[in-house]
Amino acid sequence: MLVKNDATAYEANHLYPEFGLLNDPNGLVYFKGKYHVFYQWNPKGCNHKYKEWGHFISDDLQTWQRVEPALKPSMPDLDSAGIYSGTALVKDDRLYLFYTGNVRNAQGQSVKSTQMWAVSDDGIHFEKLGQLFPHPEGFTKDVRDPMVWQGKNGHYFLILGAQHDNQIGDIIIYESADLTEWTFKGSLLGEQLSDIRGYMLECPDLIEVDGKQVLMFSPQGLPADLMQHRFQNIHNTGYVVGHFDEEKARFEVQGDFNEVDEGFEFYAPQTMLAPNHRKIMWGWVGMMPPKREAEVPTIAKQNWVHTLSLPRELHLNAEQKLVQQPIVEILDPKPLTNFEDSLKPGQYTIDTAADWTLKLGHNAELKKRGAILHFERRQWDSGEIGHRQMQGKVDQLLLMVDHDVIEIYTQDGLNVMTGRWFG
């Protein structure tokens, strides 16, 4: 089984909650011989009214174990309504978690966010260390999702998704010599990417891939570009390649903003540096409009909703485009030879220049037409047909099919589509 000791295996390859709602992956880290995947979890219901950090651990990235939640709301006026997203950092053989504390008023409205941290010696039991620094001036309450790393100069940097008082999204940055005293350094981007700001930028992740620096983030409020088949989800996730200048604390963008995934639900990815220097990414397979989310069939059937994506190894090609492939630990594909029957859970390769159509149950299908792969499904909340497509080397594909999640990769890893389907 994917998750040890689970009474029911809801998915074969995608991490899922035993009950309640799962969303963003958090604090992905290898620490003291274990892979740790924390995640946003509401064990009290299939909604977003409450959050703590759920916790999976693994020895091999193949089989996982649920352990006790790492962080729960406990500090009045700081994190009483939720432990929102963040990251992990190993320092001096201790594991530090950085997160956003959320506070709600009596009407249930989110009214305050605070950047916080916690520490552990064993990776299981954490002591909260309180607030990191005051809320920055000139920004709304929507400042969240701290990501922390140590620079080449030995200093620590912390970036956050943020919303200016004028309702424009940004990524802001702090610097520290010791993780305790932090200095606000302003916008990570300055005036760059002015057309990709929306009203909020979430879940920033600044990482190194094959010697180049990559900034991932999730804009909210971008208009859909139907002509180019971009930004079609309610919120979207993308990346830019560039260079981080430690002295200026600025990221210099050196390319276009590209979507990470061209499917329906992928959002808020985060990455882990594995012991063999691989960069591995998980995302949330669950960003969808509220009505559609409330009607996901697993809620009524089994009282749970959403999954994480498969772990994907990241590289950059010669054109500085992101290459994504499922990690080798979970790969065991077989050539697909039967295009007549509905796809069953499994891993399949397709290698043909011919056009084809594949059914996913009764309400979804994949169609290859020339150099375009179409993913169509009946939306379970409305009955309307939703459509996503990717254009590239679609003659050779890898299909990772779970019970109600599919991830489709071109062989070169330059195009990926993810989505749920039911029925």
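Structure report, in brief. (Residues numbered from 1 in each chain as written. Predicted model: local features only at pLDDT ≥ 70, side-chain atom pairs only at ≥ 80, totals over all residues. Heavy atoms only, no water.)

### Section: the overall build of the protein chain
In terms of regular secondary structure, the protein chain is built from two helices and 32 strands. Whereas a compact globule of 423 residues would reach a radius of gyration of roughly 22 Å, the protein chain reaches 21 Å, a difference of no more than 12%. Residues classed as buried in the protein chain amount to 58% of the 423 residues present. In the protein chain, of all internal contacts separated by at least 6 residues, the share reaching a separation of at least 24 is 51%. Entry remark: accessible area of the protein chain is about 17000 Å², with carbon and sulfur atoms responsible for 49%. Looking at the protein chain, you have 40 positive and 58 negative side-chain charges, and the mean spots of the two groups are 3 Å apart. (Helix = DSSP H or I, 4+ residues; strand = E, 2+ residues; numbered from the N terminus. Rg over C-alpha atoms; globule rule 2.2 N^0.38 Å. Buried < 20%, exposed > 50% of the residue type's maximum accessible area, 1.4 Å probe, protein only. Contact = heavy atoms within 4.5 Å. Areas by Shrake-Rupley, 256 points an atom, 1.4 Å probe, with all protein chains shown as cover. Lys, Arg positive; Asp, Glu negative; His and termini not counted. Charge placed at Lys NZ, Arg CZ, Asp CG, Glu CD.)

### A word on the sheet that holds strand β30 (residues 396–401)
One open sheet accounts for five strands, arranged β24-β25-β30-β31-β32; its pairing is mixed. The sheet is open, and its two borders are formed by β24 (334–335) and β32 (416–420), each paired with just one other strand. With two bridges joining them, β24 and strand β25 (residues 346–351) adopt parallel strand pairing. Looking across to β25, one finds that Pro 335 is bridged to Thr 349. (Pairing = 2+ DSSP bridges.)

### Observations concerning the environment of Ile 280
You can see Ile 280 is positioned in strand β19 (residues 279–285). Between the C-alpha atom of Ile 280 and that of Leu 310, which follows or precedes it by 30 residues, the distance is 9.8 Å. Setting aside chain neighbours within four positions, we find Ile 280 in contact with Leu 61, Gln 270, Thr 271, Met 272, Ala 274, Pro 311, Arg 312 and Ile 327.

### Comments concerning the nonpolar core
Among the nonpolar cores identified, the biggest contains 32 residues, and Leu 15, Val 37, Phe 56, Leu 61, Trp 64 and Trp 282 are the most heavily contacted of them. Those elements that place two or more of their residues in this core are β1 (20–31), β2 (34–42), β18 (266–273), β19 and β30. With four residues, the top contributor of residues to this core is β2. (Core = buried A, V, L, I, M, F, W, Y, C linked by side-chain atoms within 4.5 Å.)

### Examining the pattern of salt bridges
Enumeration over the complete set of coordinates arrives at 28 salt bridges. Of the charged contacts in the structure, one is a salt bridge between Arg 312 and Asp 261, with a shortest N-O distance of 3.1 Å. One end of the pair, Arg 312, is in strand β22 (residues 312–316); the other, Asp 261, is in the loop between β17 (258–259) and β18, and 51 residues separate them in sequence. Accessibility assignment for this pair places Arg 312 and Asp 261 in one class, buried. A salt bridge links Arg 420 to Asp 404; the shortest N-O distance between them is 2.9 Å. (Salt bridge = Lys/Arg side-chain N within 4 Å of Asp/Glu carboxyl O.)

### Section: the sheet that holds β1
Reading across the sheet, the five strands line up as β4-β3-β2-β1-β20 and stay open at both edges, with mixed pairing between neighbours. Lying at the two open borders of the sheet, with one neighbouring strand each, are β4 (64–71) and β20 (304–305).

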